[in-house]
Each structure stands twice: as C-alpha cells, then as structure tokens.
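# Notes for the structure review
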Amino acid sequence: MSATEIQKKSHTGERYLCFTLGSEQFALPLLSVKEVIAVPEVTPIPFCPPYFQGIMNLRGQVLSVIDLRTKMNIKPHKSSENAVIICDLGSFSMGVMVDSIDSVVAPGNEDFSDKPEVQSSINTDFIMSVFRHGKKLVLLLDVA
C-alpha cells in the first residue's frame, strides 16, 4: 500500500469545517474546532506580527486571536459574515479569524489528493492535503 493510499484511508468518516479566506476555500478538521463565534472585541498586543490580532476573553478564558487572512497574505473581506473559529490545539486554544463559514462536509476518500508540491521558498507545511468539494478544490489546513 502506498503512502498516498494510507493517507487517504485516514480520512474515512471524518468531517471538516469549510470556510472562506478571500475567494479561496479552506477547511479544518471538525474535531479540532471547539466553536464558531462572531468577531469579538480583541485587545491588541504591541510589537506583535501583523497577523496577530491580540487577545480576547471567551467566558473567562483568555485566548490569542490570529487573522488567518493576513497570515496567508490574502486580502480580507470585512463583512457581517466574518467569524472567529475557536480551535482546540491540545494544550491550548486559539481563535482564528476568517471571512465566512461555509459548511461542514464529509468528503470521501476518492475526493482527497496529496498536498501540492510548491517549488519556492514559501513554507507550505500548514497544508495537510487537498480535497474536491463540488467544482472547487479545498485546502485542508493544520493551524497548529
């Protein structure tokens, strides 16, 4: 069995939260998503990278919030559909700001492909794989 076949088998029955950044579709494993909330009030922290929005209070828990659009150099769309995905990353939680939440999908093994090979100095380690959803390709992200 090839490495690709092993990787594809690991997706059986898994569900993914699809969201939009700019005009592109992305997804996160649903098991790593605690909840989705409207964009909260965020307290900025000085001298941080531009993608680090700051910290927020979620029912007494202080969480860091990053803007995935800025981190990935995608022009953000300010709208009422902007949301923050609260991700459970094992030892901590973090908020990830996105343009909009689209759907929860459970693609079949045949919909998955290996992550694209990019020949440049850009780090693509955050891309786990790619799957087809309708006529679009969706990048499956590893936010950790």
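To start, this report covers the structure provided alongside it. Only a predicted model underlies this, so the values are computations on that prediction, with no experimental measurement involved.

### A look at the pattern of salt bridges
Counted according to the given criterion, the structure contains three salt bridges. Note that Arg-69 is salt-bridged to Asp-99, the shortest N-O span being 2.7 Å. Placement of Arg-69 in helix α2 (residues 68-71) and of Asp-99 in the loop between β7 (93-98) and β8 (100-105) is noted, with a sequence separation of 30 residues between them. On the basis of relative accessibility, which here comes to 0%, the residue Arg-69 falls in the buried class. Taking relative accessible area as the criterion, Asp-99 reaches 4% and is therefore assigned buried. Several salt bridges share partner residues, and in doing so they unite Asp-67, Arg-69 and Asp-99 into one network.

### A look at the sheet that holds strand β2 (residues 24-29)
Hydrogen bonds between backbone atoms are what pair the strands of a sheet, whose relative direction is either parallel or antiparallel. Ordered by their spatial adjacency, six strands build an open sheet running β8-β1-β2-β11-β10-β9, and the pairing between neighbours is mixed. Of all strands in the sheet, those bounded by a partner on one side alone are β8 and β9 (112-113). Across six bridges, strand β10 (residues 127-133) lies against strand β11 (residues 136-141) in antiparallel orientation. The residue of β11 that forms the bridge with Arg-132 is Leu-137.

### Some thoughts on the packing of aromatic side chains
In total, this model carries four aromatic pairs according to the counting rule given. With 6.1 Å between their ring centres and 25° between their planes, Phe-19 and Phe-26 make a pair best called stacked. Here the two residues Phe-19 and Phe-26 agree in accessibility, since each one is buried. Through successive ring pairs, a cluster of aromatic residues spans Tyr-16, Phe-112 and Phe-131. Taking the ring centre of Tyr-51 as reference, the NZ or CZ of Lys-71 above it sits at 4.3 Å.

### Structural notes on the pairing of strand β5 (residues 61-67)
Alignment of strand β4 (residues 52-58) against β5, held across six bridges, turns out to be antiparallel. Residue Met-56 lies in a different strand from β5, and its bridge partner there is Leu-63. Hairpin connection between β4 and β5: a loop of two residues separates the two successive antiparallel strands, and Arg-59 in this loop has a positive phi of roughly 50°. Summarising the sheet, β5 and β7 pair through four bridges and their orientation is parallel. Counted as the bridge partner of Ser-64 is Met-94 from β7.

About the cut-offs
Residue numbering note: each chain is counted from 1, following its sequence as written. For a predicted model such as this one, the threshold for reporting local features is a pLDDT of at least 70, and the threshold for listing and counting side-chain atom pairs is 80 or more; totals across whole chains, interfaces and linings nevertheless cover every residue. Side-chain numbers come from the whole structure's heavy atoms, not from hydrogens or water. Between Lys or Arg on one side and Asp or Glu on the other, a salt bridge is scored when a side-chain nitrogen of the former is within 4 Å of a carboxyl oxygen of the latter. By definition, any uninterrupted DSSP run of H or I lasting at least four residues is a helix, any uninterrupted run of E lasting at least two residues is a strand, and each is numbered from the N terminus. For each residue, the accessible area found with a 1.4 Å probe, counting protein chains only, is set against the maximum for its type, and the residue is called buried under 20%, exposed over 50%, and partly exposed in between. A pair of strands is treated as paired once DSSP finds two or more bridges between them. Ring pairs shown here join Phe, Tyr and Trp side chains whose ring centres sit within 6.5 Å, with only the six-membered ring taken for Trp; geometry is labelled stacked below 30 degrees between planes, edge-to-face above 60, and tilted in between. Any Lys NZ or Arg CZ that is within 6 Å of a ring centre and within 35 degrees of that ring's normal is treated as a charge sitting over the ring.

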